[in-house]
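Inside the fold
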Amino acid sequence: MSELSKAQRNAVAELLRVSPVADELGRRFGAAGHELHLVGGSVRDALLGRLGDDLDFCTDARPEQTLALVKSWADAIWETGREFGTIGIQKDGLRIEITTFRAEAYDGLTRNPVVEYGDNLLDDLRRRDFTINAMAVSLPAHVFTDPYGGLDDLAAGIIRTPDSPATSFSDDPLRMLRAARFAAKLCFTVDKAVVEAMTEMAADLDRITAERIREEFTKLLCGVDPIAGLRLLVDTGLADRFIPEISGLKLEIDEHAQHKDVYEHTLIVVTNAIRLEGDAGPDFVLRMAALMHDVGKPATKAVGRDGRVSFHHHEVVGARLTKQRMKAMRFPKDVTSEVVELVALHLRFYGYGRGEWTDSAVRRYVTDAGELLPRLHKLTRSDCTTRNKRKAAALSADYDALEERIARIEAEEDLARVRPDLDGNAIMELLGVPPGPIVGQAWRFLKELRLDRGPLDRDEAEAELQRWAREQGHIS
């Protein structure tokens with residue numbers, strides 16, 4: 001009972017914070033003969049003491065009636081969700097969405113919901129995804145409605161559906177993915193009956209658009225405990241529907257025999273990466289790169305004569321598979337590019353401890369990573385999951401030495417802005433050529449020279465350029 005009392009005290013405090021706006025809005029709707037309720041995630045978060053500035057309301061008013069009620073009151077209005085019964089407004093720094101009671105369902109064929117308006121609160125709450133999101137508070141009276149035991153489930157940390165799981169997931173198969181996402185976000189346990197339905201109905205996720213899946217998966221991976229969510233996706237077969245490479249990692253034994261399989265190693269790498277994120281909050285690019293860094297191993301597995309397993313060039317194959325998967329999930333090109341580059345580079349560090357790296361190799365490491373270098377540092381350190389304390393300490397010391405060496409060379413040479421020692425204008429003037437392919441070839445030659453040898457003075461750079469141009473037949 002103490003947990004419920006604490007949740008209720010949280011709710012009171014949170015609702016008092018937003019009540020001047022919420023109650024005023026409730027009075028406007030009441031005066032027009034309509035109901036207004038704070039609902040769903042807003043009530044859940046209020047009970048958890050973490051209500052933000054985004055508020056969700058439901059009402060029996062239709063969208064056109066809602067518009068008429070808020071038109072002269074709101075600071076701003078948007079109608080992008082009107083076809084789904086939602087009107088958005090902004091008032092005193094709060095972002096508010098007001099949705100007409102709904103009884104939406106999928107027809108089992110299309111990939112978008114068919115919206116049907118409802119006429120009462122209880123039916124609206126019944127069609128919501130989980131009991132913890134099926135609670136409401138009326139405004140301005142503040143009457144609490146919880147017909148499906150959401151408050152008890154919130155206190156117990158359980159994710160259940162208001163209706164039967166099969167009915168709920170038939171209405172919207174994305175809810176199966178949302179169950180895993182809430183497990184990751186709230187660190188809750190998913191009810192056994194819900195897990196069974198997720199397993200039996202995993203194929204229904206194919207009815208959902210890639211964009212909607214991407215949004216839920218991104219939120220899952222950026223949750224407090226994404227490992228719980230990822231395990232649920234793999235164990236229920238949901239991962240096989242949109243990111244099968246992760247499940248595929250269970251088939252391969254870790255080449256160092258340190259883990260049950262590459263899948264378990266990967267989950268540890270994700271955990272390590274999260275630990276290194278710092279105070280900036282969830283870094284999706286880093287977490288996704290950690291998740292995908294070894295997906296090339298199944299396709300590159302080889303067993304030597306001595307029985308040792310190897311995965312040569314798995315980073316190259318993994319980068320290609322990552323690009324294909326993220327493209328299929330409709331991730332933005334810039335996000336995909338960053339994750340792919342990290343996967344491709346994650347093995348570059350290995351070998352540094354043998355003393356084989358020249359300053360040129362360090363320059364190329366920094367230049368190839370570019371702005372991703374801080375993330376590459378974290379990913380590479382996260383990939384060390386050996387239980388051999390001596391080996392782990394040696395790898396950590398080697399990477400410390402590399403970072404110190406990078407810092408020294410950066411201080412001397414400004415590695416962040418490596419450029420040839422001669423620009424395009426100087427190249428054209430020295431070689432007597434117009435703008436064109438020769439200038440680009442010369443620029444690339446000088447950049448390679450800069451990476452190999454470090455900064456050159458003007459005379460050295462000009463002499464090297466003329467030598468190159470003669471060898472290429474560009475000048476006599």
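See the structure shown above.
Presented here is an overview of the structure given in this document. (Residues numbered from 1 in each chain as written. Predicted model: local features only at pLDDT ≥ 70, side-chain atom pairs only at ≥ 80, totals over all residues. Heavy atoms only, no water.)

Moving on, we get to the overall build of the chain. On a plain count of helices and strands, the chain comes out with 23 helices and eleven strands. For the chain, buried positions account for 50% of its 476 residues. Taking contacts inside the chain between residues at least 6 apart in sequence as the whole, the part at least 24 apart equals 65%. Summing over all exposed atoms, the chain offers an accessible surface of approximately 22,500 Å²; the carbon and sulfur share of this is 49%. In the chain, 65 side chains carry a positive charge and 79 a negative one; their mean positions are 2 Å apart. (Helix = DSSP H or I, 4+ residues; strand = E, 2+ residues; numbered from the N terminus. Buried < 20%, exposed > 50% of the residue type's maximum accessible area, 1.4 Å probe, protein only. Contact = heavy atoms within 4.5 Å. Areas by Shrake-Rupley, 256 points an atom, 1.4 Å probe, with all protein chains shown as cover. Lys, Arg positive; Asp, Glu negative; His and termini not counted. Charge placed at Lys NZ, Arg CZ, Asp CG, Glu CD.)

Phe-57, Phe-217 and Met-288 are the most contacted members of the largest nonpolar core, which totals 111 residues. Counting residues per element, this core draws most heavily on helix H7 (residues 174-186), which supplies nine residues. Not counting chain neighbours up to four residues away, the residues in contact with Met-288 comprise Phe-217, Leu-221, Ile-243, Met-326 and Val-339. Grouped together as the second largest cluster of nonpolar side chains are 14 residues, Val-433, Val-439, Leu-449 and Trp-468 included. (Core = buried A, V, L, I, M, F, W, Y, C linked by side-chain atoms within 4.5 Å.)

The next thing to look at is the sheet that holds strand E4 (residues 86-91). With mixed pairing, the seven strands of this open sheet are ordered in space as E3-E4-E5-E2-E1-E6-E7. Each edge of the sheet is formed by a strand with only one pairing partner; in this case those strands are strand E3 (76-78) and strand E7 (144-145). Inspection of the sheet shows strand E1 (residues 36-39) paired to strand E2 (residues 54-59) by three bridges, in the antiparallel sense. Residue pairing in the sheet places Leu-38 in a bridge with Phe-57 of E2. (Pairing = 2+ DSSP bridges.)

So, on to the environment of Leu-286. Mapped onto the fold, Leu-286 is located in helix H14 (residues 284-292). Counting along the chain gives ten residues from Leu-286 to Leu-276, while the straight-line C-alpha distance between them is 9.8 Å.

With the rule as written, the count across this model stands at four aromatic pairs. Centroid distance Phe-349 to Tyr-399: 4.5 Å. Interplanar angle 65°. Geometry classified as edge-to-face. Separated by 50 residues along the polypeptide, Phe-349 in the loop between helix H17 (333-345) and helix H18 (359-369) and Tyr-399 in helix H20 (residues 389-413) bring together distant segments of the chain. By the burial criterion, Phe-349 is buried, and Tyr-399 matches it. The ring of Phe-182 carries Arg-181 above its face, with NZ or CZ at 4.6 Å from the centroid. (Phe/Tyr/Trp six-rings, centres within 6.5 Å; stacked < 30°, edge-to-face > 60°. Lys NZ or Arg CZ within 6 Å of the ring centre and 35° of its normal.)

Right, let's get into the state of the cysteines. Applying the stated criterion across every chain, the model contains zero disulfides. For Cys-222, which is in no disulfide, the shortest distance to another cysteine sulfur is to Cys-187 and amounts to 14 Å. The class of Cys-222 is partly exposed, set by a relative accessible area of 24%. (Disulfide = S-S within 2.5 Å.)

The next subject is helix H16 (residues 314-328). Under the 1.5 Å per step criterion, the end-to-end length of H16 is 21 Å for 15 residues, consistent within 8% with the ideal 21 Å. Among the residues making up H16, those that are buried are His-314, Glu-315, Val-317, Gly-318, Ala-319, Leu-321, Thr-322, Arg-325 and Met-326. For H16, the secondary structure elements touched by its buried residues are helix H11 (239-242), helix H12 (244-248), H14, helix H15 (297-300) and H17. Looking at the residues trailing H16, positive phi occurs at Arg-330, about 65°. (Expected span 1.5 Å × (residues − 1).)

It is worth spelling out the environment of Ser-138 at this point. Secondary-structure assignment places Ser-138 in strand E6 (residues 136-138). Residues Ser-138 and Val-234, 96 residues apart in the sequence, show an inter-C-alpha distance of 40 Å. Apart from residues no more than four positions distant in its own chain, Ser-138 is found in contact with Leu-36, His-37 and Val-143. A polar contact of 2.9 Å, which involves the side chain of Ser-138, links it to the backbone nitrogen of Val-143. (Polar contact = N/O pair within 3.5 Å; in protein donor to acceptor, adjacent residues only side chain to side chain.)

Across the eleven residues that make up helix H10 (residues 226-236), a large majority, eight, are buried. Pro-226, Ile-227, Gly-229, Leu-230, Leu-232, Leu-233, Val-234 and Thr-236 are the residues of H10 that are buried. With its phi angle positive at about 90°, Gly-237 sits one or two positions after the end of H10.

This part covers the side chain of Asp-383. Along the chain, Asp-383 turns up in the loop between helix H19 (373-382) and H20. No salt bridge is formed by the buried Asp-383. Its closest oppositely charged neighbour is Lys-297, at 6.5 Å. In this view, Asp-383 contacts His-265, Val-269, His-293, His-346 and Tyr-350; residues no more than four positions away in its chain are not counted. (Salt bridge = Lys/Arg side-chain N within 4 Å of Asp/Glu carboxyl O.)

Looking now at the pairing of strand E5 (residues 94-100). Where burial is concerned, most of E5 is hidden: five out of the seven residues are buried. Relative to E5, E4 runs antiparallel, the two being bridged by six bridges. Within E5, the position partnered with Ile-89 by the bridge is Ile-96. Counted between consecutive antiparallel strands, the loop separating E4 from E5 contains two residues, among which Asp-92 sits at a positive phi close to 50°.

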